[in-house]
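Okay, here's what each chain looks like letter by letter:
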Amino acid sequence: MAQSNPNAKVLIKAVRDGNITKIKKIMQQDGKMNIPPNNGLTPVIVAAQNGHADAVKALAALGADVNIPKIDGGTPVLVAAENGHVDVIMALASLGADVNIPKSGGATPLFIAAQNGHVGAIKALSALGADVNTPMTGGITPIFIAAQNGHNDVIKFLASSGADINALQKDGCNAIFIAARFGHVTTITILFALGADVDIFNNRGITPLFMAAQYGQAGSIKVLSALHTNVNTPKPDGSTPIYIAAQHGHVEALRALYIAGGDLNQCNSIGIKPLYIAAYMKHGNIIKLLCRLGADMHECYYSDTSMYATDATNNTTNTSNNTTNIYDNEYDNIDYNSANSYIKEMILNLSTECEYCNSFSDKLLVCSGCEKVRYCSRECQTKHRKQHKHECKK
């Protein structure tokens, strides 16, 4: 319907409202059903978008093509699926619409329904022959996008309909990775129960738990560790989940990893510990947490023949004259003198800063359990108890 046609806007409004009488009246005057306005929406697409199955049928009876897409390639079926309009999907299919035509980028109507959590639309499309495994460009499958958005009912239905629970996208990630990244803990549990691999490595050599640590998802870490995932599995450069959590300043993620058995002192391939990457990145809260949890204050920078260590408390250094990096790393040029100074500053703050409210005082109360954490008042200690109890000896 060309935008210059005076009836175009009137027809689109009638379709949007589902006014069958007005649609028929206009079409008796102007039969151009398939020419879209400049915004790319045909009357059939507008009807599908607004859930008006009767309007779709009326338009088709008057000669409208039910497969003409929007500018991005989205067909009326895809638009109906996007909005969860099951009756429109069924009406379009009965009128000869193709339920598998993808939009640009490869997303099919079923994929879009999965993305938006519309189980009813997925059931209808599946019953009409839509493939539950057809991916977008890049390999992202319906079950992957459902996991990304935490649509657990969608995942269950797709799996029951033959979806590959361990399908990989081009970077080697299965659905567990994306659920872990976005902190969908129930989704992780459901995927695992359905057979998803929680110990898989992607093309970068990292595990779902490592990805959870990288994005600070403590809940994902707790669930994955409960499923017996190794919390110390490093990526190829030797960086462990605790290292990556320290690098990105994720306090709760680091705490969850420690509780699950994470190694606070494991160096990467060139000998950088979590403590020192935290100092390099100026993550003071990470340094204080590592110190409270008992992290070793010494460096461990590997060379081709030896390792040297530096004590952060006295700056005594034993070095090799032939130090070389064994792995190319973005953070391989850490200034250890600067790092040590920053660590000592944070350690000093531990004795003068309230752990809960971060106020400073030289008269803080010391936790009688661990004898490390300090508070400005009993009130702050009580409020912090739930968080601190896993670290405290008492």
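Keep in mind that what you see is a predicted model, and the values were worked out from it rather than measured. (Residues numbered from 1 in each chain as written. Predicted model: local features only at pLDDT ≥ 70, side-chain atom pairs only at ≥ 80, totals over all residues. Heavy atoms only, no water.)

## Describing the pattern of salt bridges
Two side chains with opposite charge may pair up if their charged atoms get near one another. Inclusion rule: By convention in these notes, a salt bridge is any Lys or Arg side-chain nitrogen within 4 Å of a carboxyl oxygen on Asp or Glu. Only runs of H or I of at least four residues qualify as helices and only runs of E of at least two qualify as strands under DSSP, and these elements are numbered from the N terminus. Under the scheme applied here, a residue whose accessible area is under 20% of the maximum for its type counts as buried, over 50% as exposed, and between as partly exposed, the area being computed with a 1.4 Å probe on protein chains only.
One pass over the full model with this rule turns up six salt bridges. A salt bridge links Asp17 to Lys13, with the shortest nitrogen-to-oxygen separation between them at 2.9 Å. In this pair, Asp17 and Lys13 both sit in helix 1 (residues 8–17), four residues apart, roughly one turn of the helix. For Asp17, a relative accessible area of 46% gives the class partly exposed. Here Lys273 and Asp296 are joined by a salt bridge, their closest N and O atoms 3.1 Å apart. Here Lys273 is found in the loop between helix 16 (251–259) and helix 17 (274–280), whereas its partner Asp296 is found in the loop between helix 18 (284–292) and strand 1 (301–302), with 23 residues between them in sequence. Linked by salt bridges that have partners in common, Lys70, Asp72 and Lys103 make up one network.

## Examining the nonpolar core
Spelled out, the test is: We call a set of buried residues a nonpolar core when its members are Ala, Val, Leu, Ile, Met, Phe, Trp, Tyr or Cys and they connect through side-chain atoms within 4.5 Å of each other. Note on contacts: a residue pair qualifies if any of its non-hydrogen atoms lie within 4.5 Å across the two residues.
In this structure, Leu92, Leu125, Leu158, Leu191, Leu254 and Ile287 are the most contacted members of the largest nonpolar core, which totals 109 residues. A total of six residues in this core trace back to one element, the largest contributor, which is helix 11 (residues 175–181). Apart from the residues within four sequence positions on either side, Ile287 is in contact with Leu275, Ala278, Ala279, Tyr342, Ile343 and Met346. Counting residues in hydrophobic clusters, the runner-up holds seven residues, among them Cys370, Tyr375, Cys380 and Cys392.

## With respect to the packing of helix 1 against helix 2 (residues 20–29)
Put simply, the rule is: Each axis is a line fitted through C-alpha atoms, taken for helices only over the stretch in contact, and angles between the N-to-C directions span 0 to 180 degrees. Any angle that is under 35 degrees is reported as roughly parallel, and any over 145 degrees as roughly antiparallel; angles of 65 to 115 degrees are reported as roughly perpendicular and all others as oblique. Should the near helix be turned counterclockwise from the far one by less than a right angle, the crossing is left-handed, whereas a clockwise turn marks it as right-handed. Gly counts as polar in this scheme, as do all residues outside two lists: the nonpolar Ala, Val, Leu, Ile, Met, Phe, Trp, Tyr, Cys and Pro, and the charged Asp, Glu, Lys and Arg.
Close contact between helix 1 and helix 2 brings their axes to 8 Å; oriented N to C, the two are set at 155°. The angle between helix 1 and helix 2 falls in the class roughly antiparallel. For helix 1 against helix 2, the interelement crossing comes out left-handed. Between helix 1 and helix 2, the residues in contact are Val10, Leu11, Ala14 and Val15 and Lys22, Ile23, Ile26 and Met27, respectively. Partitioned by chemical class, the residues of the contact of helix 1 with helix 2 number seven nonpolar, no polar and one charged.

## Digging into the confidence of the model for the protein chain
Rules: Every residue gets a pLDDT, meaning the predictor's confidence in that residue, from 0 to 100.
The predicted model of the protein chain averages 84 in pLDDT, with 83% of residues at 70 or higher. Every residue in residues 301–329 scores below 50 in pLDDT, and together they form 66 contacts with partners more than four places removed in sequence or on other chains.

## Description of the environment of Ala58
Mapped onto the secondary structure, Ala58 falls in helix 4 (residues 53–61). Exposure remark for Ala58: the relative accessible area of 9% places this residue in the buried category. Along the chain, Ala58 and Ile20 lie 38 residues apart, while their C-alpha atoms are 7.0 Å from each other.

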